[in-house]
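Tertiary structure, described
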Amino acid sequence: MKICVLIKQVPDKDSKIRINSDSKTIDSTNITNIINESDNYALEEALLLKEKHGGEVVVCTFGNESSNGIIKTALAKGADRGIFIINTKPHYIDILNVAKIITDNIKSEKFDIILSGLQSDDSGNCQLGLLIAEMLNTSHASLVMSTEMIDDSTIKVKQELESGWFQWTELNFPTSLTIQSGINTPRYAALRGIMMAKNKPVEKIELDISGYTPFLSLEKLYIPSKSKETQFINGAPEEIASTIVNILANEIKVL
Amino acid sequence: MNPEHSHNVPQLFYIFALISMFYMAYNLRRLFTIQIGKPDSRPFNFLSQLYNSLSFGVGQKKVYSKRFTYASIMHFLIGWGFIELVFATTVDFFTARGWFTDYLPGFDTPWFAFINDTGGIMLIAGCFMALIRRHYIKPNILPQNNFSGRGTFLGDSGILFFLIFLSIGGFLTEASRLAIENPITAHWSWVGYAISKTTSLSNWIYLKPYMWWGHAITSLIFISLIPMTKMFHVIAAIANITLTNRKKHGLIKSMNISEIMENPDSDIENISLGASNVKDFSWKQLLDSVSCTECARCSSVCPATRAGKPLSPMKIITDIRDKLYSETINNNKTDDLIGGFISETELWSCTTCGACMEECPVLIEHVPTIIDMRRHLVLSEGKPPTQAKESLEKTMQNGNPWGFSKEDRLKWTEQSDFKPPTLEEKNEVDILYWVGCAGSYDPRNQNIALSMLKILETADIDYAVLGKEETCTGDSARRLGEEYLFETLAKQNIETMSKYKFNKIVASCPHCMHTILNEYPDFGGNYEVVHHTELIEELISTGKLKTNINSDETITFHDPCYLGRHNKIYNEPRNILKKVTNIENIIEMKENKESSMCCGAGGGNMWHEINEGERVNVNRFNQAMETGATTVATACSFCTIMMDDAMKVTGNENTMKVQDIAEIVSDSIESSV
Ligand code: SF4
Ligand code: SF4
């Protein structure tokens with residue numbers, strides 16, 4: 001069984017985010033980079049599947065040079081090798097093109113299972129696993145809460161639906177699953193693993209993005225400013241009602 | 001003296017003696033099982049080793065503990081009674097052969113006769129006390145009640161009966177000799193003399209050979225059994241004590257991870273990181289386990305054991321011994337050391353408070369041994385306690401276990417009128433104030449750091465902080481077994497500090513202080529480090545800081561383990577309290593100074609909780625409540641958090657205040673200054 005885990009480097013949510021003067025990129029000084037939360041669960045799920053059923057776990061990331069760190073951590077935790085697609089220019093690339101780039105670089109591997117986190121903590125597209133499934137023509141399931149192998153080429157997954165409902169689905173290989181946080185307890189990277197990771201292969205691919213036509217472009221990055229304001233309306237019921245109507249009609253302009 | 005001391009010993013006796021000696025030597029092989037341990041490089045200082053063996057070994061200095069009065073008296077009687085009789089036997093060995101008789105006393109020399117009989121009576125009395133304790137008083141911590149495999153009837157009680165039997169036999173032999181020889185000083189042998197009067201001379205003449213042989217045979221059996229019973233500690237414990245390096249007692253040893261990582265020859269797959277089996281300990285750690293007397297003092301004082309957590313330090317030490325014997329002399333297949341003999345939860349329950357090491361009469365070092373096993377769990381297996389995992393990862397990413405941004409390290413000063421200068425700005429100062437992660441990020445501890453700012457500014461100290469350049473000292477990481485992270489942090493801090501000039505470091509948290517002072521030297525960082533209570537005491541006594549007595553709170557001081565037991569700072573905080581409140585308002589808890597009980601947060605327990613048993617902080621807080629004091633004063637970041645928490649869970653917000661000494665002092669600084 002060949003499992004691919006797609007991981008992404010994101011800024012730690014406790015880091016102070018500053019936007020560069022170009023309004024398109026984040027100032028990376030003083031940022032702590034970590035592995036995206038749900039990707040970490042996806043990695044753990046892959047390692048658990050491998051421990052139980054054997055096979056190979058390959059981690060793949062698409063990102064700038066500094067993403068090297070999360071590949072190393074993933075290898076230290078037990079992944080067997082890495083595919084590192086290096087984005088040499090810090091351009092914004094839309095999710096459709098990210099999916100194409102990753103697909104182009106992993107399709108020859110013929111993975112049985114592709115796991116990815118449900119969504120990234122920074123851009124939050126929630127689409128990668130599904131786009132790749134489309135492009136590689138695999139089965140897919142999102143919001144996966146648990147997995148269970150049925151036989152050598154079938155996996156059963158529990159998916160979260162709305163309002164406390166769940167759904168069990170059986171999928172044939174190859175498949176692409178997006179993993180919900182909390183599905184397992186991600187392991188700690190032991191020193192022994194860190195030492196062993198040094199000898200594990202990482203295939204580095206320097207990406208030429210000229211072949212990909214942008215589908216979306218980034219206009220501006222900004223930190224949301226606090227705009228919520230609570231206004232208390234006092235008075236008799238009729239007064240309150242007419243004030244509200246007034247606000248809705250003239251200030252918010254919805255009436 | 002005269003040659004008539006010499007008496008004939010039957011040839012047959014020597015044959016028996018040889019057999020008994022041989023058997024004893026054969027059983028002494030358990031002492032040599034420690035050879036399978038790793039080397040332990042240590043300076044061997046003849047004088048200090050000799051001092052150890054005389055004062056802590058033969059002199060039993062640590063056996064006499066105020067926390068164990070009954071057992072101390074008991075051991076005094078047995079120990080000194082026994083030593084006296086060994087002395088008497090040795091003298092007899094020489095005089096019986098007519099050697100040195102001009103210098104040595106004979107059995108009828110009055111003082112010798114007197115102390116021999118007194119020694120015998122002490123031994124009998126002590127053995128009775130021990131039997132009463134073991135079978136009537138039954139402190140529930142004694143091994144036979146708590147753990148199978150520790151304490152056997154022969155080894156524990158049997159040997160006491162044997163000693164009593166031996167002493168009585170000695171007295172009877174003596175009585176028969178006195179009755180027959182009737183020396184003029186006979187009454188100095190006061191017990192034997194009294195016994196000699198109980199029956200007629202003809203009876204004694206008849207009995208004498210039986211008495212002599214009876215006593216001789218019991219003595220020889222006793223000798224041959226020594227290594228298999230509790231008496232083994234006479235040999236093993238003295239060996240252990242003698243070889244102890246008291247300067248480094250209880251300190252955690254560094255592993256030199258970077259060397260292991262950079263060494264291309266390291267066999268990564270099979271290298272042992274930490275200790276998972278007996279072979280991974282040093283010979284000294286194994287000698288520790290071999291020499292444990294199962295006195296259970298460590299477990300009696302252990303805050304985890306007392307709170308009903310699944311840890312007993314005695315069990316840890318004796319489990320290692322069981323495993324050691326089973327791998328060596330018994331050569332049988334047994335469970336794994338960790339997971340089989342010792343559970344992971346046992347290991348994680350230790351707060352590294354050091355109470356066990358403080359009380360252990362044979363100087364066993366429990367904490368470094370526990371940490372070595374934790375290192376195995378974390379470094380080899382990647383299995384820190386689930387809750388603590390996050391704090392370790394956050395420490396690695398953000399340089400503090402709370403996981404706040406590095407950039408916010410000085411945010412706490414926003415609330416203050418005083419803005420501490422940073423070393424980056426000043427380059428050279430007298431005092432580097434080490435705020436610590438708690439002082440920087442924990443709201444409760446920020447107030448302590450703010451109080452320190454007020455004190456430093458008021459006393460006009462030339463100081464600075466590291467600010468954003470400061471990172472966690474690694475205390476918790478190291479104690480959680482994450483030596484790799486600890487080493488990384490230590491090196492980073494040392495490198496940062498090497499850029500600047502300062503005379504000493506003042507730390508608010510005893511854990512930071514201990515780590516920088518006692519553990520950074522292994523990585524080339526040698527600093528003068530004091531705790532804020534030491535600085536404050538000095539400032540008050542030199543008049544640089546003027547304080548008022550303006551509160552009528554009654555205060556009890558909780559000694560933080562890393563300030564007190566680990567660094568012997570007991571008086572400074574108390575001296576400060578005497579300056580800020582009336583002496584009669586200071587009340588001691590029953591367990592204070594070296595007997596202080598842990599707040600429960602040390603050893604990384606700040607970051608995870610063992611659910612079994614009671615909460616250690618609540619237990620300690622209740623001890624403070626028992627004094628009737630209205631304030632519990634502490635001097636440690638973790639203690640403050642733990643006491644504060646216990647105050648809230650027990651609903652005592654209105655009856656008790658939790659304050660750091662720095663806060664109390666800051667409140668009482670003369671306003672005119
Ligand atoms: S250090 Fe403290 S908690 Fe740990 S075993 Fe010793 S007494 Fe118990
Ligand atoms: S470790 Fe020390 S204190 Fe504990 S039982 Fe053994 S000898 Fe006694």
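Residues numbered from 1 in each chain as written. Chains lettered and ligands numbered in written order. Predicted model: local features only at pLDDT ≥ 70, side-chain atom pairs only at ≥ 80, totals over all residues.

**Considerations on the overall build of chain B**
Scanning chain B from terminus to terminus reveals 30 helices and seven strands. Principal-axis analysis of the C-alpha atoms gives chain B an extent of 100 × 65 × 45 Å. Across the 673 residues of chain B, 47% fall into the buried class. Partitioning the contacts of chain B with sequence separation of at least 6, the portion at a separation of at least 24 is 80%. (Helix = DSSP H or I, 4+ residues; strand = E, 2+ residues; numbered from the N terminus. Buried ≥ 20, exposed ≤ 12 C-beta atoms within 10 Å, placed from the backbone. Contact = placed C-beta atoms within 7 Å.)

**Let's talk about the overall build of chain A**
Broken down by element type, chain A carries six helices and eleven strands. The burial tally for chain A puts 35% of its 255 residues in the buried class.

**Some details on unusual backbone geometry**
Of note, the amide linkage connecting A:Phe173 to A:Pro174 takes the cis form, showing an omega dihedral of -10°. Note that A:Pro174 resides in the loop between β9 (166-172) and β10 (175-179). The phi dihedral of B:Asn331 falls on the positive side, at around 50°, and the residue is not glycine. Summarising the element assignment, B:Asn331 is placed in the loop between α15 (313-327) and α16 (344-348). By C-beta crowding, B:Asn331 is classed as exposed, having 8 other C-beta atoms within 10 Å. The backbone of B:Thr352 sits at a positive phi, close to 55°, despite the residue not being glycine. Considering the arrangement of structural elements, one finds B:Thr352 in the loop between α16 and α17 (355-359).

**Comments concerning helix α4 (residues 69-96) of chain B**
Taking 1.5 Å of rise per residue, 28 residues should cover 40 Å, and α4(B) covers 40 Å from first to last C-alpha, within 8% of that figure. Among all positions of α4(B), only B:Ala71, B:Met74, B:His75, B:Leu77, B:Ile78, B:Gly81, B:Phe82, B:Leu85, B:Ala88 and B:Thr95 are buried. (Expected span 1.5 Å × (residues − 1).)

**Considering the interface of chain A and chain B**
Each partner contributes to the interface: chain A provides 17 residues, whereas chain B provides 22 residues. The leading source of residues in the side of chain A that touches chain B is helix α5 (residues 191-197) of chain A, at five residues.

**Topic: the site of ligand 2**
Residues and elements named next belong to chain B. The environment of ligand 2 is formed by 14 residues, the closest being Cys292, Cys295, Cys298, Met314 and Cys360. Among the secondary structure elements, those contributing two or more residues to the shell around ligand 2 are α13 (297-301) and α15. Considering each element in turn, the shell around ligand 2 owes the most residues, three residues, to α15. (Near = placed C-beta within 6 Å.)

**Section: the site of ligand 1**
Residues and elements named next belong to chain B. In the region of ligand 1, 15 residues are neighbours, and Cys302, Pro313, Cys350, Cys353 and Cys356 sit closest. The set of elements that each furnish at least two residues to the shell around ligand 1 consists of α14 (303-306), α17 and α18 (366-380). Across the shell around ligand 1, the residue classes tally to eleven nonpolar, four polar and no charged. (Nonpolar A, V, L, I, M, F, W, Y, C, P; charged D, E, K, R; others polar.)

**A closer look at the sheet that holds strand β4 (residues 529-531) of chain B**
Residues and elements named next belong to chain B. What the four strands build is an open sheet, ordered β2-β1-β3-β4; its pairing is parallel. Each edge of the open sheet carries a strand with a single partner, namely β2 (463-464) and β4. In the packing of helix α25 (residues 510-519) onto the sheet, contacts are made with β1 (428-434), β3 (501-507) and β4, and the angle to β4 comes to roughly 160°. The sheet contacts of helix α26 (residues 532-541) involve β3 and β4, and relative to β4 the element is tilted by about 80°. (Pairing = 2+ DSSP bridges. Axes fitted to C-alpha atoms, helices over the stretch in contact; angles between N-to-C directions.)

**A word on the packing of helix α28 (residues 616-626) of chain B against helix α29 (residues 637-649) of chain B**
All names here are of chain B. At a closest axis distance of 9 Å, the pairing of α28 and α29 adopts a crossing angle of 80°. Classified by the angle their axes make, α28 and α29 are roughly perpendicular. Contact residues: α28 offers Asn617, Val618 and Phe621, while α29 offers Met642, Met643, Asp645, Ala646, Met647 and Val649. (Parallel < 35°, antiparallel > 145°, perpendicular 65-115°, else oblique.)

**Section: the nonpolar core**
Membership of the largest hydrophobic core comes to 214 residues, with the highest contact counts inside it found for A:Val5 and B:Ile536. Among the nonpolar cores identified, the runner-up in size contains seven residues, and B:Leu172, B:Ala175, B:Leu178 and B:Ala179 belong to it. (Core = buried A, V, L, I, M, F, W, Y, C linked by C-beta atoms within 7 Å.)

**Re the sheet that holds strand β7 (residues 657-660) of chain B**
Residue and element names in this part refer to chain B. The strand order across the open sheet built from three strands is β5-β6-β7, with neighbouring strands paired in parallel fashion. Because the sheet does not close on itself, it has two edges, and the strands there are β5 (555-557) and β7. Across the sheet, the mean angle from the axis of one strand to that of its neighbour is 30°, orientation sign disregarded. Across the face of the sheet, α29 comes into contact with β6 (631-634) and β7 while running at roughly 175° to β7.

**Considerations on α26(B)**
Residue and element names in this part refer to chain B. Summarising burial for α26: eight of the ten residues are buried, a large majority. Restricting attention to buried positions, one finds in α26 the residues His532, Thr533, Glu534, Leu535, Ile536, Glu537, Leu539 and Ile540. One or two residues past the end of α26 sits Gly543, with phi positive at roughly 80°.

**Structural notes on the environment of B:Ser53**
All names here are of chain B. Of note, Ser53 is situated in helix α3 (residues 46-58). For Ser53, a count of 18 C-beta atoms within 10 Å puts it in the partly exposed group. Spatially, the C-alpha atoms of Ser53 and Leu243 are 8.3 Å apart, while their sequence positions differ by 190 residues. Aside from chain neighbours lying at most four places away, what touches Ser53 is Val58, Ile238, Ile241 and Thr242.

**Brief notes about the environment of B:Arg478**
Residue and element names in this part refer to chain B. With respect to the element layout, Arg478 can be found in helix α23 (residues 475-479). Linking Arg478 and Asn571, residues 93 residues apart in sequence, is a C-alpha distance of 28 Å. Beyond its immediate sequence surroundings of up to four residues, Arg478 is in contact with Ile252, Glu483 and Phe486.

**Here we look at the environment of B:Lys284**
Residues and elements named next belong to chain B. Position of Lys284 among the secondary structure elements: in helix α12 (residues 283-291). Each C-alpha atom of the pair Lys284 and Trp213 lies 41 Å from the other, and the pair is 71 residues apart in sequence. Sequence-distant contacts of Lys284, defined by excluding residues within four places in its chain, comprise Asp40 and Leu243.

**Here we look at the packing of helix α3 (residues 95-106) of chain A against helix α4 (residues 128-136) of chain A**
All names here are of chain A. Look at α3 against α4: their axes get within 9 Å of each other, and the N-to-C directions meet at 55°. Relative to α4, the element α3 lies oblique. In the packing of α3 onto α4, the handedness of the crossing is right-handed. Residues Ile95, Leu96, Val98, Ala99, Lys100, Ile102 and Thr103 of α3 form the contact with α4, whose participating residues are Leu128, Leu131, Ile132, Met135 and Leu136. A class-by-class count of the residues in the contact of α3 with α4 yields ten nonpolar, one polar and one charged. (Left-handed = near helix turned anticlockwise from the far one by under 90°.)

**What about the pairing of β6(B)?**
Residues and elements named next belong to chain B. Pairing of β5 with β6 involves three bridges; the strand directions are parallel. For Phe557, the partnering residue across the bridge sits in β6 and is Ala633. Crossover connection from β6 via α29 to parallel β7: handedness right-handed. (Right-handed = clockwise from strand over helix to strand, strands pointing away.)

**Description of the confidence of the model for chain B**
Interpreting fine coordinate detail is not advised for predicted regions of low pLDDT. A residue-level look at chain B finds 97% of positions with pLDDT of 70 or above and a mean pLDDT of 92. For chain B, helix α6 (residues 143-146) of chain B is the element with the lowest average pLDDT, namely 58, and β4(B) is the one with the highest, namely 98. (pLDDT = per-residue confidence, 0-100.)

**Comments concerning the confidence of the model for chain A**
For chain A, the average pLDDT comes to 91, and 100% of its residues sit at 70 or higher. Element-level mean pLDDT values for chain A span from 88 in helix α6 (residues 237-251) of chain A up to 97 in strand β1 (residues 2-7) of chain A.

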